[in-house]
Amino acid sequence: MVTQCSICLSSKFKEPVCTPCGHVYCQQCLIDHANVPSNQGMTSTCPECRTEFSLVVPELRYLPPKYHPFIQPAIRRIYADMSPDAGLRQKVKQLEKSLLVKTKTEDMLMKKCEGLAAALDVHRRGERDAVAEAQELEEKIAELEYERDEAVTSLNEKYYDLEEENQALKRDNGNWATKFEALHQRLKESEARQRSLERALAVQKSKQRNTELLHELTVAAHEVAMIGPQAPVFERPMKPMPRRRLLRTRDEDTSISAVASAKRPRISDVQSSSV
């Protein structure tokens, strides 16, 4: 059963009346609905289902009595006992409270949903940015890998070139080692030749010294002979010169003669020549 008027939304009907379609309203609410200025006819419609009903009742005096039981007004008053509906009204109130709580919960959930939607949008934007950054990084990685491959190829080529240069240097080193050994051998031969020249020069100097001594003795003997026979003459014993067999080359003889010719004469030689 309906517990409130659908026109005034009151939970208690004031003189409830019923339309032919079965809907219940307050009497004054239905009268106000039927007497609106736009309704100028003898009929009106139900506020809920829009069923048309008549507002007037024919005069019974002008109808035969046999039709009087069938003539009824369109709007009838009803008796509604609302006392058994107290529990229902209590349930309605509880349901209204529950509906209010659910409405608040729904509002809170809507706010959370809006916040989550905003966070989702931020996350999506961040994901798009991250994907774009990842693509850029992948492109950079590909470029770096390409540059690395080129650098490795270039280094390999340089390594092969350096290896060839190293092999060439090793070959040159072997050649220079051979030349060094030859030069070292020539140096040894030159040192041996120099030692032989020094020995020959020493022998030549010794001979020249003996010749000078012999000349001095001859000059002294000549002076003694000029002074007279009374002066005793002391002769210096002469030791025989050792005979050495020297192997001389043409270059050594030339160098010895050049040294002997370049030597400065002694004072005794100069005096003897002047005498």
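Anything mentioned here points back to the structure above.
Conventions we followed
- Residues numbered from 1 in each chain as written.
- Predicted model: local features only at pLDDT ≥ 70, side-chain atom pairs only at ≥ 80, totals over all residues.
- Heavy atoms only, no water.
- Salt bridge = Lys/Arg side-chain N within 4 Å of Asp/Glu carboxyl O.
- Buried < 20%, exposed > 50% of the residue type's maximum accessible area, 1.4 Å probe, protein only.
- Helix = DSSP H or I, 4+ residues; strand = E, 2+ residues; numbered from the N terminus.
- Pairing = 2+ DSSP bridges.
- Phe/Tyr/Trp six-rings, centres within 6.5 Å; stacked < 30°, edge-to-face > 60°.
- Lys NZ or Arg CZ within 6 Å of the ring centre and 35° of its normal.

Caption draft 1: Up close: the pattern of salt bridges. Across all of its chains, the model carries two salt bridges by this definition. The closest approach of N and O atoms between Arg148 and Asp149, which form a salt bridge, is 3.4 Å. For Asp149, a relative accessible area of 40% gives the class partly exposed. We note a salt bridge from Arg209 to Glu212, for which the minimum N-O separation is 3.9 Å. With Arg209 and Glu212 both in helix H2 (residues 86-227) and three residues apart, the pair spans about one turn of that helix. Exposure remark for Glu212: the relative accessible area of 10% places this residue in the buried category.

Caption draft 2: Quick look at the sheet that holds strand S2 (residues 24-26). One open sheet accounts for three strands, arranged S2-S1-S5; its pairing is antiparallel. Lying at the two open borders of the sheet, with one neighbouring strand each, are S2 and strand S5 (76-77). As judged from the three bridges shared by strand S1 (residues 16-18) and S2, these two strands associate in the antiparallel manner. Among the inter-strand pairings, Cys18 is bridged to a residue of S2, identified as Val24.

Caption draft 3: The arrangement of the packing of aromatic side chains in detail. Applying the stated criterion across every chain, the model contains one aromatic pair. For the cation-ring pair, Lys179 lies above Trp176, with the distance from its terminal atom to the ring centre recorded as 4.6 Å.

Caption draft 4: Representation of unusual backbone geometry. For Glu15, which is not a glycine, the phi torsion comes out positive at approximately 55°. Within the fold, Glu15 resides in the segment before S1. Look at Arg50: it is not a glycine, yet its phi comes out positive at around 60°.

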